[in-house]
Protein chains: 2
Amino acid sequence: MPKTWAEDAQHRLREAGYRNGPVRIAVIELLDAENCCVSAADVHASLNERVGLASVYRVLESLHAAGLVRRVDVGDGIARYEPLRESGEHHHHLVCTECGKVEAFDDPALERAIRRVEAKSGYAVEQHDVVLQGACDTCR
Amino acid sequence: MPKTWAEDAQHRLREAGYRNGPVRIAVIELLDAENCCVSAADVHASLNERVGLASVYRVLESLHAAGLVRRVDVGDGIARYEPLRESGEHHHHLVCTECGKVEAFDDPALERAIRRVEAKSGYAVEQHDVVLQGACDTCR
DNA sequence: AGCTTGACGAGAATCGGTATCGTCAGCCGC
DNA sequence: GCGGCTGACGATACCGATTCTCGTCAAGCT
Ligand SMILES: [Zn+2]
Ligand SMILES: [Zn+2]
Ligand SMILES: [Zn+2]
Ligand SMILES: [Zn+2]
């Protein structure tokens, strides 16, 4: 029985010297429930605005520094975060240019093509992002 | 003999109802000289700060609305623009997480993989962006 | 040349995100 | 259990990129 991502994240942050306060736990559990694209404002709203927005940013930042979340930027100037689970599976995003909806997709052939580019690049690539923008089928 | 991108852009903007003032012409010619990733601040600096920054933004916005430039966002919160030339050739970006350098690459196999994803997506995809992030070989 | 209308520049406003700081509470050793 | 250290918290000030507002000016039509 594998630990949940939330348990693992709390454990890893504690080992990194962070304490587990109530905001940290709440944010981690929210992220574990979602698994795609949550913004700081989303978290703040989901927590009923009973926590300071700055604390939300702090927790998200600490999770990012510990490599526990991926930071996703789809070009609208709002940073979103999603859990990076042990399995290593990840996905990329389709953004509707009309309604702003964000959807996930994944494609093994695309991942292979990207890995080949990474190998040729001369960079120590840590992350890649692919964003497709266009009108979704309900908006066209 | 094909028209230059700058000439074409001025023509298309005029047809779209814009007038050609000095700032517009200067910005278009700057973009035509570069072909990768120029920010509004870059343009403003290149023009010796003799023009209003707001005008630079306005021109870039009008070019984007007319589909003459691609807007590139590599996740550092700065919007960059590059000309979209007739030939349709385009590239994607490698960003150094240490020094912030942005480099271009292109890869036909990657483009094919993306086109297949686009076809399956149900979206009318207008643009795609791929960003690879990691340490460049001088920063490692 | 006169008129209309968009282009321009300066500066205010907005907005996401970050830094600061005083206070509070979790955790440690006793 | 108690005192003290240290990080977590919330409020608020701040920052930098972008957008808005508005008075003025000039491009282009007649
Ligand atoms: Zn996602
Ligand atoms: Zn991927
Ligand atoms: Zn480029
Ligand atoms: Zn491409």
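Residues numbered from 1 in each chain as written. Chains lettered and ligands numbered in written order. Predicted model: local features only at pLDDT ≥ 70, side-chain atom pairs only at ≥ 80, totals over all residues. Heavy atoms only, no water.

**Points about the overall build of chain A**
Right, on to step 1. A count of helices and strands for chain A gives five helices and six strands.
Right, on to step 2. Across chain A, helices and strands are ordered from the amino to the carboxyl terminus as α-α-β-α-α-β-β-β-β-α-β.
Right, on to step 3. With respect to the three principal axes, the spread of C-alpha positions in chain A is 40 × 35 × 30 Å.
Right, on to step 4. Taking the intrachain contacts of chain A between residues at least 6 apart in sequence as the baseline, contacts between residues at least 24 apart amount to 52%.
Right, on to step 5. Carbon and sulfur atoms form 48% of the exposed surface of chain A, whose accessible area is close to 7,600 Å².
Right, on to step 6. Chain A carries 17 positive and 23 negative side-chain charges, and their two centres are separated by 4 Å. (Helix = DSSP H or I, 4+ residues; strand = E, 2+ residues; numbered from the N terminus. Contact = heavy atoms within 4.5 Å. Areas by Shrake-Rupley, 256 points an atom, 1.4 Å probe, with all protein chains shown as cover. Lys, Arg positive; Asp, Glu negative; His and termini not counted. Charge placed at Lys NZ, Arg CZ, Asp CG, Glu CD.)

**Topic: the coordination of the zinc ion (ligand 2)**
Residues and elements named next belong to chain A.
Right, on to step 1. Those protein atoms acting as donors to the zinc ion (ligand 2) are His90 (NE2), His92 (NE2), Glu111 (OE), Glu111 (OE) and His128 (NE2), and they sit at 1.9 to 2.2 Å.
Right, on to step 2. Read in sequence order, the donor residues for the zinc ion (ligand 2) give the motif H-x1-H-x18-E-x16-H. Here His90 is found in the loop between strand E3 (79-83) and strand E4 (92-96), whereas its partner His128 is found in strand E6 (residues 124-135), with 38 residues between them in sequence.
Right, on to step 3. Residue class for His128 comes out buried when judged on its relative accessible area of 8%. (Donors = N, O, S within 2.8 Å, 3.2 Å for Na, K, Ca; no water. Buried < 20%, exposed > 50% of the residue type's maximum accessible area, 1.4 Å probe, protein only.)

**Quick word on the sheet that holds strand E5 (residues 102-105) of chain A**
Right, on to step 1. Reading across from one edge, E5(A)-E4(A)-E6(A)-E6(B)-E4(B)-E5(B) is the order of the six strands in this open sheet, with mixed pairing throughout. The outermost strands of the open sheet, each flanked by one partner alone, are E5 of chain A together with strand E5 (102-105) of chain B. Each adjacent strand pair in this sheet contributes to an overall mean axis angle of 25°, direction not counted.
Right, on to step 2. Lying over the sheet, helix H5 (residues 108-121) of chain A contacts E4, E5 and E6 of chain A together with strand E4 (92-96), E5 and strand E6 (124-135) of chain B, oriented at roughly 135° with respect to E6 of chain A. (Pairing = 2+ DSSP bridges. Axes fitted to C-alpha atoms, helices over the stretch in contact; angles between N-to-C directions.)

**Points about the coordination of the zinc ion (ligand 1)**
Residue and element names in this part refer to chain A.
Right, on to step 1. Around the zinc ion (ligand 1), the protein contributes the donor atoms Cys36 (SG), Glu82 (OE), His91 (NE2) and His93 (NE2), at 2.0 to 2.3 Å from the metal centre.
Right, on to step 2. In this structure, the zinc ion (ligand 1) is surrounded by four donor atoms whose angles at the metal cover 106 to 115°, and the resulting shape is tetrahedral.
Right, on to step 3. We note that the donor set of the zinc ion (ligand 1) lies within a single chain, spaced as C-x45-E-x8-H-x1-H. Within this pair, whereas Glu82 is found in strand E3, its partner His93 is found in strand E4, the two being separated by 11 residues in sequence. Like His93, Glu82 is buried. (Tetrahedral: all angles 85-135°; square planar, octahedral: opposite > 155°, others 65-115°.)

**A closer look at the side chain of Ser62 of chain B**
Right, on to step 1. Within the secondary structure, Ser62 of chain B is located in helix H4 (residues 53-65).
Right, on to step 2. Ser62 of chain B has contacts with Leu13, Tyr18 and Arg24 of chain B, leaving out every residue within four places of it along the chain.

**A short note on the domain arrangement of chain A**
A common way to report how large an interface is uses the accessible area buried once the components associate.
All names here are of chain A.
Right, on to step 1. Taken domain by domain, chain A comprises domain 1 (5-83) and domain 2 (92-134).
Right, on to step 2. Put simply, the middle of domain 1 and the middle of domain 2, counted by C-alpha atoms, are 22 Å apart.
Right, on to step 3. Of the residues lining the interface, nine residues belong to domain 1; the matching set on domain 2 comes to 10 residues.
Right, on to step 4. Buried surface at the junction of domain 1 and domain 2, both sides included, amounts to about 660 Å², of which 55% is carbon and sulfur. (Domains from an automatic or database assignment. Buried area = accessible area lost by both parts, 1.4 Å probe.)

**Concerning the packing of helix H2 (residues 22-33) of chain B against H4 of chain B**
Residues and elements named next belong to chain B.
Right, on to step 1. Here H2 crosses H4 at 65°, and the two axes come no closer than 10 Å. With respect to each other, H2 and H4 are oriented roughly perpendicular. Handedness of the crossing formed by H2 with H4: right-handed. In this structure, H2 contributes Val23, Arg24, Val27, Ile28 and Leu31 to the contact, and H4 contributes Ser55, Val59, Leu60, Ser62 and Leu63.
Right, on to step 2. Looking at the contact of H2 with H4 residue by residue, the class counts come to seven nonpolar, two polar and one charged. (Parallel < 35°, antiparallel > 145°, perpendicular 65-115°, else oblique. Left-handed = near helix turned anticlockwise from the far one by under 90°. Nonpolar A, V, L, I, M, F, W, Y, C, P; charged D, E, K, R; others polar.)

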